[in-house]
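So the chains spell out like this:
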Amino acid sequence: MTDRYCVFGHPIGHSKSPAIHAAFAEQTGEAIEYTAIEAPLDDFAGAWRDFVAAGGRGANVTVPFKEEAYRLCDELTPRARRAGAVNTLLLMADGGIRGDTTDGAGLVGDLERHGVALAGARVLVLGAGGAVRGVLEPLLEAGPASLHIANRTAAKARALGEDFADLGRVSGSGFDAVEGPFEVVINGTSASLAGDLPPLPDALFAPGATAYDMMYGAEPTVFLRWAQARGARGIDGLGMLVGQAAESFHLWRGKRPDVTPVLEALRRSL
Ligand code: ATR
């Protein structure tokens, strides 16, 4: 039986993961099947059990199941434990489940591919929800001089900063207390979904700064347009998406696919 993998979400209709993993499988010569499964909102565990019974060996997990998937795991990578959520499940030989979160590695890898230095940089992260919590450990491990988290609800940013304070110089505040300049500004809010922009000071960017939006689309996001108009270089999150998929694929198959050609093909298809 072909090893089966999938992405669980709700809704899941427009997921790009099946196309990405099909490209990785072709590139590496791994014979796998990868599909998108809409799990019922009230029975994620049941959907996983059914999938395993049908030959499932591992899965990606997206909104809204990342925390529930975390609770199902028998073993967690340190970064997943810290994130409190997983985007990757692996069925172990003893039937147990190992969980990892690969979004942060995807983000840091994409910044590296673009030649953006995190080491020694002053980094600003916008947002304090699950998406941001999931990437903080890899970001801090890249060695920024400082990392400030700004959020609409200031208390959430401060609490998140305290949770990660052992990993580096981290602080948190509301948007009104943000003091630039920063070399790297990462938007991890879902504000662009609503076409909104966090209220930010104009003098945010150091010369040559990079603005990164974890979201992506056929057109630049509101945040990227705002940042580019203020002299920053703009990068969207499509490379992070392909990068996190590559990390999951590596966990499952022990092979690391080349992200670049898959990203280029995906970009052309947007
Ligand atoms: P995710 O999993 O995408 O992180 P989440 O946990 O609901 O989803 O977090 C959404 C983030 O986007 C939060 O930081 C939220 O700010 P609050 O904590 O104040 O709610 C932020 N956000 C959502 N809509 C926003 C908007 N219109 N302007 C600014 N921030 C917004």
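All values derive from a computational prediction rather than experimental measurement.

Regarding the UniProt feature "domain: Quinate/shikimate 5-dehydrogenase/glutamyl-tRNA reductase" (unreviewed entry) in the chain
Taking the UniProt record as the reference, the feature "domain: Quinate/shikimate 5-dehydrogenase/glutamyl-tRNA reductase" (unreviewed entry) is found at residues 117–189. Along residues 117–189 one finds 27% helix and 27% strand; the C-alpha atoms at either end are 22 Å apart.

A look at the site of the ligand
Taken together, 16 residues are adjacent to the ligand, and Gly-129, Gly-130, Ala-131, Arg-152 and Thr-153 come closest. The element contributing the most residues to the shell around the ligand is helix H6 (residues 130–133), with three residues. Here the residues of the shell around the ligand sort into six nonpolar, seven polar and three charged.

Thoughts on the domain arrangement of the chain
By the assigned domains, the chain splits into domain 1 (3–101 + 240–269) and domain 2 (104–236). Summarising the inter-unit geometry, the C-alpha centres of domain 1 and domain 2 are found 25 Å apart. Looking at the side of domain 1 that touches domain 2 element by element, the count peaks at five residues for helix H10 (residues 238–253).

Regarding the packing of helix H1 (residues 17–28) against helix H11 (residues 259–269)
Packing of H1 against H11 brings their axes to within 10 Å, and their N-to-C directions diverge by 145°. In this structure, H1 meets H11 at a crossing whose hand is right-handed. Two secondary-structure elements touch here, H1 through Ile-20, Ala-23 and Phe-24 and H11 through Val-262, Ala-265 and Leu-266. In terms of residue class, the contact of H1 with H11 is made up of six nonpolar, no polar and no charged.

As for the packing of helix H5 (residues 103–113) against H10
H10 packs onto H5 with a crossing angle of 125° between their chain directions and a minimal axis gap of 7 Å. On the basis of their axis angle, the class for H5 and H10 is oblique. Note on packing geometry: the crossing formed by H5 with H10 is right-handed. Facing H5, whose interface residues are Asp-103, Ala-105, Gly-106, Leu-107, Gly-109, Asp-110 and Arg-113, H10 presents Gly-239, Met-240, Leu-241, Gly-243, Gln-244 and Glu-247. Partitioned by chemical class, the residues of the contact of H5 with H10 number four nonpolar, five polar and four charged.

Points about the sheet that holds strand E9 (residues 170–173)
Pairing within the open sheet is parallel, and its six strands lie in the order E9-E8-E7-E10-E11-E12. Strands at the two margins of the open sheet, each flanked by one partner only, are E9 and strand E12 (233–235). Neighbour-to-neighbour, the strand axes of the sheet open up by a mean angle of 20°, direction not taken into account. Here strand E10 (residues 182–187) runs beside strand E11 (residues 205–213); their pairing, made up of five bridges, is parallel.

A word on the pairing of strand E7 (residues 122–126)
Counting buried positions along E7 yields four of five residues, so the element is predominantly enclosed. Of the strand pairs in this sheet, E7 and strand E8 (residues 146–150) are connected by five bridges, and their pairing is parallel. From the neighbouring strand, Val-123 faces E8, where its bridge partner is Leu-147. Looking at chain direction, E7 and E10 are connected through four bridges and run parallel. If you follow Val-123 over to E10, its bridge partner there is Val-184.

Procedures and definitions
- Residues numbered from 1 in each chain as written.
- Predicted model: local features only at pLDDT ≥ 70, side-chain atom pairs only at ≥ 80, totals over all residues.
- UniProt positions renumbered as here; feature names shortened; annotations may be inferred.
- Helix = DSSP H or I, 4+ residues; strand = E, 2+ residues; numbered from the N terminus.
- Near = placed C-beta within 6 Å.
- Nonpolar A, V, L, I, M, F, W, Y, C, P; charged D, E, K, R; others polar.
- Domains from an automatic or database assignment.
- Axes fitted to C-alpha atoms, helices over the stretch in contact; angles between N-to-C directions.
- Left-handed = near helix turned anticlockwise from the far one by under 90°.
- Contact = placed C-beta atoms within 7 Å.
- Parallel < 35°, antiparallel > 145°, perpendicular 65-115°, else oblique.
- Pairing = 2+ DSSP bridges.
- Buried ≥ 20, exposed ≤ 12 C-beta atoms within 10 Å, placed from the backbone.

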